[in-house]
Structure formats: structure tokens, C-alpha cells
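Chain residues, written in single-letter form:
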Amino acid sequence: MLTAATMATTLFVFGAFMLLQENLQNLLKAWGEQIQVNAYLDKSLDAADVQRLLARVRTFPEVEGVRHISQEQAWRDFQAALGAQSGVLEGLPQDVLPASFEIKIRENFRDGPMIEDFVNRLKREKGIALVEYPQEWVDRLSLVVLAVQWVKWIFGGALFLATFFIVESTVKLALLARRDEIEIMQLVGASEAMIQAPFVVEGMIQGIAGATLSIIGLWFTFQWLRNEIPTFGLLGSFSQFHFLNARHIALMLAIGWLLGAAGSLFSLRRFIKTW
Amino acid sequence: MIQLFHVFKTYPPNSQALNDISLEIDKGEFVFLTGPSGAGKTTLLKLLFREEEPTNGQILLNGQNINRLNRRGVARLRRQIGLVFQEFKLLPRLTALENVALAAEVVGTSKNGSHTKAYHLLRELGLKEKYTAKPLTLSGGEQQRVAIARAVVNDPMLLLADEPTGNLDAEIADETMRMFLKIRERGTTIIIASHNLELIKRYGTRIISLRHGFVADDLQKVVRHEGMH
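Criteria and thresholds
- Residues numbered from 1 in each chain as written.
- Chains lettered and ligands numbered in written order.
- Predicted model: local features only at pLDDT ≥ 70, side-chain atom pairs only at ≥ 80, totals over all residues.
- Heavy atoms only, no water.
- Pairing = 2+ DSSP bridges.
- Helix = DSSP H or I, 4+ residues; strand = E, 2+ residues; numbered from the N terminus.
- Contact = heavy atoms within 4.5 Å.
- Buried area = accessible area lost by both parts, 1.4 Å probe.
- Salt bridge = Lys/Arg side-chain N within 4 Å of Asp/Glu carboxyl O.
- Polar contact = N/O pair within 3.5 Å; in protein donor to acceptor, adjacent residues only side chain to side chain.
- Nonpolar A, V, L, I, M, F, W, Y, C, P; charged D, E, K, R; others polar.
- Phe/Tyr/Trp six-rings, centres within 6.5 Å; stacked < 30°, edge-to-face > 60°.
- Buried < 20%, exposed > 50% of the residue type's maximum accessible area, 1.4 Å probe, protein only.
- Lys NZ or Arg CZ within 6 Å of the ring centre and 35° of its normal.
- 1 Å grid on protein atoms, 1.4 Å probe; cavity = no way out; pocket = protein on both sides within 12 Å on 5 of 7 lines; lining within 4 Å.
- Points joined across faces, edges and corners; volume = space filled by probe spheres on them.
- Axes fitted to C-alpha atoms, helices over the stretch in contact; angles between N-to-C directions.
- Parallel < 35°, antiparallel > 145°, perpendicular 65-115°, else oblique.
- Left-handed = near helix turned anticlockwise from the far one by under 90°.
- Core = buried A, V, L, I, M, F, W, Y, C linked by side-chain atoms within 4.5 Å.

**Some words on the pairing of strand β1 (residues 2-11) of chain B**
Residues and elements named next belong to chain B. Relative to strand β4 (residues 56-61), β1 runs antiparallel, the two being bridged by 5 bridges. Bridging from a neighbouring strand, F5 pairs with Q58 of β4. Adjacent in sequence and paired antiparallel, β1 and strand β2 (residues 15-25) are bridged by 3 residues.

**Re the interface of chain A and chain B**
Residue-level contacts link 15 residues of chain A with 17 residues of chain B. Between chain A and chain B, the buried area comes to about 1400 Å², and carbon and sulfur atoms account for 60% of it. Area buried by chain A at its contact with chain B is led by A:I184, A:L187 and A:V188, which between them contribute 41% of it. Of the charged contacts in the structure, one is a salt bridge between B:R93 and A:E181, with a shortest N-O distance of 2.6 Å. In this assembly, chain A and chain B are joined by 5 residue pairs in polar contact (both at pLDDT 80 or more). Elements supplying a minimum of two residues to the side of chain A that touches chain B: α6 (179-187), α7 (192-228) and α8 (246-273) of chain A. Counting residues per element, the side of chain A that touches chain B draws most heavily on α6(A), which supplies 6 residues. Taken together, the residues that form the side of chain A that touches chain B break down as 7 nonpolar, 3 polar and 5 charged.

**Some thoughts on the packing of aromatic side chains**
Applying the stated criterion to the full structure yields 6 aromatic pairs over all chains. When the ring of A:W219 is compared with that of A:F220, the centres are 5.5 Å apart and the planes differ by 80°; the resulting orientation is edge-to-face. Judged by its relative accessible area of 39%, A:W219 is partly exposed. Above the plane of the ring of B:F85 lies B:K89, whose end atom (NZ or CZ) is 4.9 Å from the centre.

**A closer look at the layout of surface pockets**
The method is simple in principle: a probe with the dimensions of a water molecule rolls over the atoms, and the space it marks as empty is what remains. Counted as a void, the largest pocket has a volume near 590 Å³. In this structure, the largest pocket is lined by 21 residues; those nearest its centre are A:Q186, A:I272, B:R71, B:V74 and B:R78. Among the elements of the structure, α7 and α8 of chain A together with α2 (71-78) of chain B are those that each provide at least two residues to the lining of the largest pocket. For the lining of the largest pocket, the residue count by class is 7 nonpolar, 4 polar and 10 charged.

**With respect to the sheet that holds strand β2 (residues 63-69) of chain A**
Residues and elements named next belong to chain A. The antiparallel open sheet is built from 4 strands, whose spatial order is β2-β3-β1-β4. Since the sheet does not close on itself, it has two edges, and those belong to β2 and β4 (128-132), each with one partner. Within the sheet, the average angular offset between the axes of one strand and its neighbour, ignoring direction, is 20°.

**With respect to the sheet that holds β4(B)**
All names here are of chain B. Spatial strand order, β2-β1-β4-β5: 4 strands in an open sheet with antiparallel pairing. With one partner strand each, in any of the chains shown, β2 and β5 (64-65) form the two edges of the open sheet. Across the face of the sheet, helix α1 (residues 41-48) comes into contact with β1, β2 and β4 while running at roughly 120° to β1.

**Side note on the packing of helix α3 (residues 96-106) of chain B against helix α4 (residues 111-124) of chain B**
Angle between the axes and distance between the axes: these two values describe a pair of packed helices. All names here are of chain B. Direction vectors running N to C along α3 and α4 enclose 125°, while the axes themselves pass 8 Å from each other. Between α3 and α4, the angle falls in the class oblique. Along this stretch, α3 crosses α4, giving a crossing that reads as right-handed. Here α3 contributes A96, L97, E98, V100, A101, A104 and E105 to the contact with α4, which in turn contributes K111, S114, H115, A118, Y119, L121 and L122. Residue composition of the contact of α3 with α4, grouped by class: 9 nonpolar, 2 polar and 3 charged.

**Looking at the nonpolar core**
Residues and elements named next belong to chain B. Of all hydrophobic cores here, the largest spans 76 residues; its most connected members are L159 and F180. It is α3 that contributes the most residues to this core, 8 residues altogether. Counting 33 residues, the second-largest nonpolar core is a separate cluster that includes A39, L47, L77 and I191.

**Description of empty space enclosed by the protein**
Throughout the structure, instances matching the rule amount to 4 cavities of 30 Å³ or more. Quantified by volume, the largest cavity comes out at close to 130 Å³. Taken together, 13 residues line the largest cavity, and the ones lying closest to its centre are A:V188, B:I81, B:G82, B:L83 and B:R150. Those elements giving two or more residues to the lining of the largest cavity turn out to be β6 (81-85) and α5 (140-152) of chain B. Here the residues of the lining of the largest cavity are counted per class, giving 8 nonpolar, 2 polar and 3 charged. Each pocket or cavity is described by its volume, and for the second largest cavity that value is around 60 Å³. Mapped by element, the contributors of at least two residues to the lining of the second largest cavity are α5 (135-177) and α7 of chain A.

**Looking at the pattern of salt bridges**
In this structure the tally under the stated criterion is 24 salt bridges over all chains. With a closest N to O distance of 2.9 Å, A:R178 and A:E202 form a salt bridge. Taken together, the residues span a long stretch of sequence, with A:R178 in the loop between α5 and α6 and A:E202 in helix α7 at a distance of 24 residues. A residue is classified by how much of its surface remains accessible, and A:E202, at 31% relative accessible area, is partly exposed. For B:D174, the salt bridge goes to B:R178, with nearest N and O atoms at 3.3 Å.

**Some words on the environment of A:I105**
Residue and element names in this part refer to chain A. Topologically, I105 is positioned in strand β3 (residues 100-105). Taking the C-alpha atoms as reference points, I105 and I35, separated by 70 residues in sequence, lie 7.4 Å from one another. Ignoring anything within four residues of it in the chain, the contact list for I105 reads I35, V37, E62, E64, R110 and F118.

Following this line, the structure appears as C-alpha cells:
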């Protein structure tokens, strides 16, 4: 019981961390999708040149998709953006704004130096006058991804170690309570495997029970937070957040199972040695 | 069958439990180990089932040096030895039948086979009605019979009993001794540590007296077991 409760508590913390990390990564991914490179075209290009250039840009490995914004489209977009103030544009020629390509970058290329390299190659293309991209954004995003990765390993590692030792010592307590049983098993000549099996199986069951408890606890906490804190300021709304998926739930159950078994085995080895 | 050569046992820091014990016990012997408390009776038994190791000297069981056994070897050795203790040492969460069957399962008997064996044995020992009872609901005499059934369920070559009648009244103690004699008829060597002089006088065929860790006396005698039939 104590083991299951301890396991539930630690796995709850671990699960909460996993939930946060997963959602943060989803958020970063969503932000990453908004990163786009704008390439402004030379005004001298005719329609055939533009089509050729478009086809050429699409062959770059970094490119996920390209949207061609014609001069007319750019004008209309600008007008729409100005709204009621669009009257100020009166009298200006409609081709004052350049045509451009809005380029979406593939996920595994959304990294500072890689985008910079892509932009430099793009600049060398004939017919492209100017290339713009949100460099600061890209750099900051890479930094956040790196930080989350590091925190995941450091925090996750420490947590596993702590859980293992807690499980090990609670199993030790359980063993002390049942030392008579172990002694009798040894006296009738039971093999080590036979003596250990019930404890290991019990450890596994407790591990899975603890993991299940923690998942249920996490789900309720998640629902409660969703009702209590509907918006998250900069991070957007809580409704964008998702609960752990089937793979993560399976992972938590597996960790519980493994920690329960390993904790029991480790404890037993030491216990039987010092008998 | 059992040979002890100059066996010493010292407990730290400097307590001499056994002092230069050399003994030979043949197959099928019925031996009483006697002597005052602290004479070394229990220590000697513990050496025989490898609960303890001698500080010096050698112990051979069927020619095998049991001090050289690893943990697996110790488990194998114990499967050939039946053990009976003053405090019975039964598992409280198991029934009488399961306690006996456990020892049979340990040597690889199937669950069904173990239960059948245990059931017959308990019936033979007069516990037919009690085989589903948990140990703590049984009387001392009944618990000791369950413990004896467990000790002999695998037809051991050797049965070691440490003060088996210490918690029993005279009549039940007598009955227990008669059970041991019956077991001996199967060819099992029996060593009983006891300081119950009455029982020793009545049933002992060989009496080894220990004092301060030394063998003080080793008597062989022919006795008539009045209570047997």
C-alpha cells in the first residue's frame, strides 16, 4: 500500500512534468509553423519568370510550401489591413508593392543557422530582390527547445533516481515485516527465485497500481485546471492543452511496472545477502 | 552419514559456542542432543542445516562437505532435511494443508501432488478435520503436528528438531516422540535437541550431552519403547 502510494506520488510529479513538456513542445511546434520567410521579387519579372522561379524555389529541401502573392494581391491585402483608413492609398499606383513568395520551412529546418543558410542561398537566386525572416524569433525558439530538452533530462533523471530509492526502501520495510515468511521459505529449501517471485510480482502490481492512481490523479487535476484557469496569458488558452496520449499513459504504466519490479529485486538482493 | 571433524564455533567477539566437536552419526539413528541452556545444542543443529558455518573444522553429510555449498547448494541441502522448531515456524497466512504442501512444492512436486501428499500426511497425524485451519487457530500440539508433517513430507534423509516439545504438555510431548519414532522407521536419521530428561530417558537410543560447547558424554543404549504400540 505504502509502495503504491509512494509510486503514485512520484509518478504524478513525473506525469505532470511530461504533460507540461508535451504541451510546451506542441506550443513551440505551433509557433514554429508561423515562421515564414518572405522573398520579394524583382518588378521586372514577367509571369513566366515568376512561375519558373516558383518552381525553382520549391525544389529547395528546406521548403515546405510556397505561396505566391502577386502585386494585386499584396495591394488588396494592404488595403484590407488598413481597413477604414484605406483612403490614404488613393492616388498611389497599384503596383507600388512588390510581388512576393511566402515560404514555409520544413520542421527539421526551423533552426537558426539552417534558416540563415537557406536565406543566403535564396538571396543569390536571380529575380529575388530582398529576403526577410524573423531572425530573433527563430533564435529564441531554438533556445527554448534546447532548454526544455535539458530540463527534461536533468529533472527526469533526478526524479527516477528518487523514485527508485523510495520504492527500494518501502519494499525493504515490507520485507522486514515479512522476514519470518522469508526465513521459513529458506528453511524448507525454497530456491531464491521462488522466495523472490511473490515479492517481485507484488512490486509489479503495486507499481502498476501506483501508475494507474497517478494517471487518474493527473486527469482530475488537468480537468480542474482547465475549469479554473481558462486562459494562460501569453501561452494562449488552456483548452489548447491536451492530456497525455495513449503512448505516454503506456509509458507511465511501464515505468511503474519496471520501478516496482526493480525496486523489489534490488531490495531483495541486499536483504537476502545480509540475512 | 553425518561426520563432524574438530568443529569449532565462535561468535564474535569471543563467545565459544562449540569446542572441538568430533562426531559420527549413522543412517537411521535416533539421537538426543542434551545439555543445559547455552551448551551449544541449537548451534550444532544450525551447523547441520547450514544456518551457520563453523569457525573451524569440517562437517560432512553423506560424504559432502556442507561448508563448501553456495546458496543454491544450501537450498538443495535443506530440501533433504526436515526441520522442527519449538516455535513451530508455520506461515500464518497459509492453511495447515498449504503449509505442509509448500515444502513439497519447493522440491518440484506439482501443486495437486503436494496437496494430496499433505492431506494424507495430516490425516495420518490426526489432523483430518483441521487441514483448512490457519495455524493461529490451532492448539500448540496441533501446530507442532503440522510442522512435523511439513518436515517429513519429502521423506527427508535427516530430521532435526530443536526443543520440539518445549511448548507442549507432557501427554502431547509423548505423542510427538512416538511420531518421531514412526518416522524413523522409514529410515530417516533423527536428531532432537532437548533438555526434557523424562523423554530422553524413555526414548533416547543415543544421547549426546553437551556442556560449554564440549561433548561431555555420548551414550548408546537399547531401550524398550513402551508407548509405541
